[in-house]
Amino acid sequence: MALYLLYTLIPLAWLVISATKTQPDLLSTPGLSFGGVFALFDNIGQTFTYNNGIFLRWLGNTVLYVVVGAGGATVLATAAGYGLAKYRFRGRRAVFAVVLGAIAVPGTALAVPTFLLFSRLGLTDTPLAVIIPSLISPFGLYLIWVYATDAIPDEMMEAARIDGAGEIRIFLAVTLRQLAPGIVTVALFAVVATWNNYFLPLIMLSDPDWYPLTVGLNQWNAQAIGAAAQPVYHLVITGSVLTIIPLVIAFLFLQRFWQSGLTAGSVKQ
Amino acid sequence: MTSTVGSPPMRAGARGRRQHRRGWIFVGPFAVVFALTFLAPLAYAFGLSLFRDQAFFGGTVFVGLGNYTQALADANFWAAFLRVLLFLAVQVPIMLVLALVAAFAIDSARLHAAGFFRMVIFLPYAVPGVVAVLMWGFIYGDHFGLAADLNHLLGQDAVQPLSDNWILTSIGNIVTWEFVGYNMLIFYSALKVVPPDQIEAAAIDGAGPLRTILSVKLPAIRGAIVVATIFSIIGSFQLFNEPNILRTLAPNVITTYFTPNMYAYNLSFSGQQYNYSATVAIVMGVITAVIAYAVQLRGQRKER
């Protein structure tokens, strides 16, 4: 167990330590020891100012994709999962079968065709090309569906109906609170998926101004190779550390919520 | 609308219809976006796969299943497919067993600071795949990585993670590092809801910790294991980020058709062969779905 802990932590330690080194020190000092100069703050400053501050722009793009994409995904998955769990309606089984099927065939079969379709629609190279596909989380829908089945008693909904509440009102006032742990779980995983997304923006975007952090960082990394090579390894490394931090903080802060959400979600597997 | 005007439906019918509409209020928005992002591209891809670009004359011609027969005879495609199959056969079991062991260890509560362990092991999942690959790429690298340090220490080039023989192992290591924690969490949360009286009963019957794990806990989380296996298989077949990013470091080792997904991507974006690319994507999608379905069936049969 301790060994595994080391395996998990050493690469991260390497990354953080490397972020404190200057480019020459990176090349000349051993990986897990500090360099001659403590350059962390200098590196952070350079990361944000390099290339007219494009890093900040990428950060902003990432936040935009996460807020609209992952936020929207959470809303859609919550409403749909609840609808599937609590209403008997025609087409319900079909929706469920198709969505579960979608979990089995994502990415590979879809990414390139989605690009081609979106390019027909003139959506490629716009933020919408990244946001729209991020709006669907079949796994999120599944999680909420399982969760709502357990957490929302039919009697509660009936009682609200007798009191004269409409369906939307019941959803907003009664259900949402009950579903909170499930929603936090779905939201967190949607945020991670969008924040870390690489393949989708890579194919959808060609204008660096719309890149998220992931694609941008890899571009910085790739510019070290080739004829006009301009290695900025220290910026890639520092940028990487800066990219990880928000997610780690989110996970730590929301730990109690999302873990209880997962536990409830796995009851019915 | 017209039907309600015509003959007044029975009460039960009206109620059913209202339920019908109510359900769609919630499911509708999801369904619309889903259709746009899943069903439409799928249909479009299938349409594309039936045509072929005419290189010299321009325009496209209908070739029926011609692209499919081409794909099934394509040596590059099969090489890529067999590579991910080999990868999957080795990497997925290692990753899942590690995740299971970690989950049992944390669940058994012998471990001090179980919460801390859980969080640390889960940590890599919060690291963007790109960052993970960049980081491991640096570590593997012979410029200033840990591999270089190690070679320096040994005085020879013993460790060459980016060489032809090691590259698949190196990629497997990155994927394992990234996803053990995620799978551990799936197993752990399933373990949390194993009824305590079952575990107590096993203890009363004289079962030791190992016996309890094998006869009570493991069967109880079979569902979670099946789900994790399916997700891992799908992930392996879609392998793209890791080899594609490592390609900058090892362009001669990692080809443009290293994995099926990379092949489809490069056909589209470097080769402009959209129709054939769509075909490759569909073939991979079908294979993935069939295997995922087979695993699920097998998992369910065992459960009975």
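This structure is a prediction, so every number in the text was calculated from the model and none was measured. (Residues numbered from 1 in each chain as written. Chains lettered and ligands numbered in written order. Predicted model: local features only at pLDDT ≥ 70, side-chain atom pairs only at ≥ 80, totals over all residues. Heavy atoms only, no water.)

Student: Hey, could you run me through a nonpolar patch on the surface in this one?
Tutor: Residue and element names in this part refer to chain A. The grouping of Val63, Leu64, Val67 and Val68 at the surface amounts to a nonpolar patch, some 290 Å² of accessible area in total. Looking at the element boundaries, Val63 is found in helix α3 (residues 40-86). Using a relative accessible area of 38% as the deciding quantity, one classes Val63 as partly exposed. (Patch = residues over 30% accessible without salt bridge, like charges linked within 9 Å, V, L, I, M, F, W, Y side chains within 5 Å. Areas by Shrake-Rupley, 256 points an atom, 1.4 Å probe, with all protein chains shown as cover. Salt bridge = Lys/Arg side-chain N within 4 Å of Asp/Glu carboxyl O. Helix = DSSP H or I, 4+ residues; strand = E, 2+ residues; numbered from the N terminus. Buried < 20%, exposed > 50% of the residue type's maximum accessible area, 1.4 Å probe, protein only.)

Student: Help me out: how do you make sense of the nonpolar core in this one?
Tutor: Nonpolar side chains in soluble globular proteins tend to end up buried together. Membership of the largest hydrophobic core comes to 138 residues, with the highest contact counts inside it found for A:Trp220, A:Phe251, A:Trp258, B:Phe122, B:Phe187 and B:Ile221. Setting aside its immediate chain neighbours within four residues, A:Trp220 contacts A:Thr47, A:Tyr50, A:Ile54, A:Phe55, A:Trp58, A:Val232, A:Leu235 and A:Val236. (Core = buried A, V, L, I, M, F, W, Y, C linked by side-chain atoms within 4.5 Å. Contact = heavy atoms within 4.5 Å.)

Student: It is not clear to me how the UniProt feature "transmembrane region" (unreviewed entry) in chain A should be interpreted in this structure. Could you clarify?
Tutor: Residue and element names in this part refer to chain A. The sites that UniProt annotates as "transmembrane region" (unreviewed entry) are residues 62-82, 94-116, 128-149, 170-195 and 232-254. The span residues 170-195 carries 100% helix and 0% strand; its end-to-end C-alpha distance comes to 32 Å. With 91% helix and 0% strand, the stretch residues 232-254 has end C-alpha atoms that lie 34 Å from each other. (UniProt positions renumbered as here; feature names shortened; annotations may be inferred.)

Student: How should I be thinking about the pattern of salt bridges in this particular structure?
Tutor: Side-chain pairing between opposite charges can occur once the charged atoms of the two side chains come close. All names here are of chain A. Counting across every chain of the model gives five salt bridges over all chains. Put simply, Lys86 and Asp154 hold a salt bridge, and the shortest N to O gap is 3.3 Å. Placement of Lys86 in helix α3 and of Asp154 in helix α8 (residues 154-162) is noted, with a sequence separation of 68 residues between them. With a shortest N-O distance of 2.8 Å, Arg161 and Glu167 are connected by a salt bridge. One exposure class covers both Arg161 and Glu167, and it is buried.

Student: Any chance you could explain the packing of aromatic side chains here in plain terms?
Tutor: What describes a pair of aromatic rings is the distance from one ring centre to the other and the angle between the planes of the rings. Inspection of every chain in the model, using the stated rule, returns 39 aromatic pairs over all chains. Relative to B:Trp136, the ring of A:Tyr7 has its centre 6.3 Å away and its plane inclined at 50°; by these criteria the two rings are tilted. In this pair, A:Tyr7 is assigned in helix α1 (residues 2-18) and B:Trp136 in helix α6 (residues 129-140), connecting two distinct chains. Its relative accessible area of 8% is what places B:Trp136 among the buried residues. A ring pair is formed by B:Trp78 and B:Phe81, whose centres lie 5.5 Å apart and whose planes are at 90°; its orientation type is edge-to-face. With B:Trp78 and B:Phe81 both in helix α4 (residues 75-107) and three residues apart, this pair spans about one turn of that helix. Using a relative accessible area of 31% as the deciding quantity, one classes B:Trp78 as partly exposed. One cation-aromatic arrangement involves A:Arg57 over A:Trp210; the distance from NZ or CZ to the ring centre is 4.9 Å. Between the NZ or CZ atom of B:Arg83 and the centre of the ring of B:Phe258, over which it lies, the distance is 4.5 Å. (Phe/Tyr/Trp six-rings, centres within 6.5 Å; stacked < 30°, edge-to-face > 60°. Lys NZ or Arg CZ within 6 Å of the ring centre and 35° of its normal.)

Student: Is there a simple way to explain the UniProt feature "transmembrane region" (unreviewed entry) in chain B in this structure?
Tutor: Residues and elements named next belong to chain B. UniProt tags residues 24-46, 77-104, 116-139, 166-188, 220-240 and 274-295 as "transmembrane region" (unreviewed entry). With 96% helix and 0% strand, the stretch residues 166-188 has end C-alpha atoms that lie 32 Å from each other. Along residues 274-295 one finds 100% helix and 0% strand; the C-alpha atoms at either end are 31 Å apart.

Student: Hey, could you run me through unusual backbone geometry in this one?
Tutor: The general pattern is negative phi for most residues beyond glycine and trans for most peptide bonds. All names here are of chain A. Residues other than glycine seldom take positive phi values, yet Asn52 does so here, at roughly 60°. The topology assignment puts Asn52 in helix α3. Note on Asn52: relative accessible area 79%, which makes it exposed.

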